[in-house]
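# Results of the structural survey
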Amino acid sequence: MSVTFSYPTSVYVVRCCSMIENNDQHKQQMNSGIKVNGSYRSPVKVDSLSLAGEASSAATLGHVVSVIETGQRQNIPTKKQLVDPNRQGLIVEGGVGYRQTVVIRSYEVGPDKTATLETILNLLQETALNHVWMSGLLGDGFGATHGMIRNNLIWVVSRMQVLVDYYPIWGEVVKIETWVGASGKNGMRRDWLIRSQASGLIFARATSTWVMMNRKTRRLSKMPEEVRKEIAPWFIEKHAIMEDAYEKIAKLDKEAKYINSDLKPKRSDLDMNNHVNNVKYLRWMLETIPDQVLESHQLSGITLEYRRECGSSDIVQSLCEPEEDEIVNDIGKQDYSTGIMNGFSMASEIIKGNGILACLEQNPIKFTHLLQLKGEKQNEEIVRGRTTWKRKLGPIPFSP
């Protein structure tokens, strides 16, 4: 592969080749700002990438990289943007909402070629950050506005609920819509809808509540007036999930049926706020779900209530308790795929016009979860959760 670096004073060509003599020949052409054979010298900042065209040889491909010493690699907007062609994003909902088109990639799906819930949560987080990016309010933090940066504040999620009707499949194109609204005096609500681009069918809905925490003291903070003035114009009254009242999640103890101890955060689990990203908690929770449930059911809903942050040095314990233990024990003894498809309940629901999902929703399995710290901070809660599982069906085709 041939790469040309255009610099204000000179041009350098780097060829990646397995031939030793070729490497030696081109090492002499390298400037001190280029990486050679794994050793770094003085770094340069990349401002933009542009395609240079096809190389003369069929075995080489050329790209021109414009390197400007004073350039910015992020180019965070300082004013509101209506279109982001790089992310296929648009400002919608009268100028305050955000919609992004996404293709489900191969590394975002599981063995059944459908997107995992962890993928769904990552997409929700990414579109939320892109929404702030497009607004022109983004500072240099993890979704923090300029006013939040001045007050040394960061966002932390206190509650999240996700409901999934269908999981998109590998290669499927989906549209994700997100918007924000007020949540009490000091919080913000963010909602999402994930739809099929082909049919408009809603795959998933989500809602969340966010509060502010002081970056230094790690304590929750009231919303400063200057921050309220920044974000209030973006608030709208629209809900992806309507809830009259939150259903309290019970706290588990050492008598929980399923326990996974000594979970240790990895460095890759930390986000830009230097604590374990909330999406990683889902993985720890699912590790306590019995294998027979994972094989015969799919996760259709999850509610998370966050209590405290988790750092890189913490050791975590995951507890799980089924709401109806006898149902879990009976899962492996029955062939639900045959029983459901031939059963009268399925037929009656279809006749009523309620469809296949209505039948599956009649007998979901629910689990209560708790992640807590071990060691000196023993039994300090990190997050409580509740998961709902519905029986799996074969792939359901969707027509555009």
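Note that this is a predicted model, so its numbers are computed, not measured.

### Description of the overall build of the protein chain
The secondary structure content of the protein chain amounts to 10 helices and 17 strands. Counting over 400 residues, the protein chain shows a buried share of 44%. The long-range fraction of contacts in the protein chain, counting pairs at least 24 apart against all pairs at least 6 apart in sequence, stands at 68%. Accessible surface computed for the protein chain: about 22100 Å², of which carbon and sulfur atoms make up 51%.

### Comments concerning unusual backbone geometry
With a phi close to 65°, Lys113 is a non-glycine residue in the positive phi region. Inspection of the secondary structure puts Lys113 in the loop between β7 (97-103) and α2 (117-135). Overall, the relative accessible area of 52% leaves Lys113 in the exposed class. The phi angle at Asp262 is positive, at roughly 60°, despite the residue not being glycine. Summarising the element assignment, Asp262 is placed in strand β13 (residues 258-263).

### Points about the packing of aromatic side chains
To describe a pair of aromatic rings, you give the distance between the ring centres and the angle between the ring planes. Across all of its chains, the model carries three aromatic pairs by this definition. Judged by centre distance (6.4 Å) and plane angle (65°), the rings of Tyr166 and Phe203 are edge-to-face. With a gap of 37 residues between them, Tyr166 in the loop between β8 (153-164) and β9 (173-183) and Phe203 in strand β11 (residues 202-214) connect regions that are remote in the sequence. Under the relative-accessibility criterion, Tyr166 is labelled partly exposed at 21%.

### Looking at empty space enclosed by the protein
Inspection of every chain in the model, using the stated rule, returns one cavity of 30 Å³ or more. Considered as a void within the structure, the largest cavity measures approximately 140 Å³ in volume. Residue contributions to the lining of the largest cavity peak at three residues, all from α2. Taken together, the residues that form the lining of the largest cavity break down as seven nonpolar, four polar and one charged.

### A few points about the pattern of salt bridges
With the rule as written, the count across this model stands at 18 salt bridges. A salt bridge links Glu177 to Arg195; the nearest nitrogen and oxygen atoms lie 3.3 Å apart. Of this pair, Glu177 sits in strand β9 while Arg195 sits in strand β10 (residues 187-196), and the two are 18 residues apart along the sequence. Here Glu225 ties to Arg228 by a salt bridge, and the two come within 3.6 Å at their closest N and O atoms. In this pair, Glu225 and Arg228 are both assigned in helix α4 (residues 225-231), three residues apart and thus about one turn of the helix distant. With a relative accessible area of 47%, Glu225 lands in the partly exposed category. What emerges from the salt-bridge pattern is a single network uniting Arg99, Glu177 and Arg195.

### Regarding the nonpolar core
The biggest cluster of nonpolar side chains holds 67 residues, and the ones touching the most others in it are Leu117, Val162 and Tyr281. A total of seven residues in this core trace back to one element, the largest contributor, which is α2. Apart from residues no more than four positions distant in its own chain, Leu117 is found in contact with Val162, Val164, Tyr167, Leu282, Leu299 and Ile302.

### A few points about the confidence of the model for the protein chain
Confidence in the prediction for the protein chain averages 79 pLDDT; 70% of positions are at 70 or higher. Across the protein chain, β7 holds the top mean pLDDT of 98, while strand β4 (residues 61-67) sits lowest at 38. Confidence over residues 2-71 falls short of pLDDT 50; this stretch has 89 contacts with residues more than four positions distant or in other chains. Every residue in residues 335-352 scores below 50 in pLDDT, and together they form 21 contacts with partners more than four places removed in sequence or on other chains.

### A look at the layout of surface pockets
Its boundaries defined by the atoms lining it, the largest pocket holds a volume of some 640 Å³. Counting residues per element, the lining of the largest pocket draws most heavily on α2, which supplies six residues. Looking at the lining of the largest pocket, its residues break down into 20 nonpolar, seven polar and six charged.

### Focus on helix α5 (residues 278-286)
Taking burial as the measure, the nine residues of α5 include seven buried ones, the bulk of the element. Regarding α5, the residues found buried are Asn278, Val279, Lys280, Tyr281, Leu282, Trp284 and Met285. In this structure Asn277 caps α5, since a side-chain oxygen of it lies 3.0 Å from the backbone nitrogen of Val279.

### Regarding a nonpolar patch on the surface
Together, Leu82, Val83 and Leu90 line one region of the surface with nonpolar side chains, adding up to about 270 Å² of accessible area. Tracing the sequence through the fold places Leu90 in strand β6 (residues 89-92).

Each value, and the rule that gives it
- Numbers given to residues run from 1 along each chain, matching the order in which its sequence is written.
- Local features in a predicted model are, by the rule used here, given only for residues with pLDDT of at least 70; side-chain atom pairs are given and counted only at 80 or more, and totals for whole chains, interfaces and linings are based on all residues.
- Heavy atoms from the whole structure form the basis of all side-chain values; hydrogens and water molecules are not counted.
- Secondary structure elements follow DSSP: runs of H or I of four or more residues count as helices, runs of E of two or more count as strands, with numbering from the N terminus.
- Residue burial is assigned from relative accessible area. The probe radius is 1.4 Å, only protein chains are included, and a residue is buried under 20% of its type maximum, exposed over 50%, and partly exposed in between.
- Any pair of residues with heavy atoms lying within 4.5 Å of one another is described as a contacting pair.
- All accessible areas in this document rest on Shrake-Rupley with a 1.4 Å probe, and a residue is counted as covered only by the protein chains that are shown.
- Only Phe, Tyr and Trp rings take part, Trp by its six-membered ring, and two of them pair if their centres are within 6.5 Å. Stacked means planes under 30 degrees apart, edge-to-face means over 60, and tilted covers everything else.
- For each structure, a 1 Å grid was placed over the protein atoms alone; sets of points admitting a 1.4 Å probe that cannot get out are labelled cavities, open sets with protein on both sides within 12 Å along at least five of seven lines are labelled pockets, and lining residues have an atom within 4 Å of a point.
- Grid points are joined across faces, edges and corners, and a volume is the space filled by probe spheres set on the points.
- Each residue is assigned to one of three groups, with Ala, Val, Leu, Ile, Met, Phe, Trp, Tyr, Cys and Pro labelled nonpolar, Asp, Glu, Lys and Arg labelled charged, and all others, Gly among them, labelled polar.
- Any Lys or Arg side-chain nitrogen found within 4 Å of a carboxyl oxygen on Asp or Glu counts as a salt bridge.
- Side-chain atoms within 4.5 Å are what join buried Ala, Val, Leu, Ile, Met, Phe, Trp, Tyr and Cys residues into a set we call a nonpolar core.
- The score called pLDDT rates the predictor's confidence residue by residue, from a low of 0 to a high of 100.
- A 3.5 Å cut-off defines polar contacts: any pair of N or O atoms within that distance qualifies, except that in protein one atom must be a possible hydrogen donor and the other a possible acceptor, and neighbouring residues in sequence count only when both atoms are side-chain atoms.
- To count toward a patch, a residue needs a relative accessible area above 30% and no salt bridge. Like charges then connect within 9 Å, nonpolar side chains (Val, Leu, Ile, Met, Phe, Trp, Tyr) within 5 Å.

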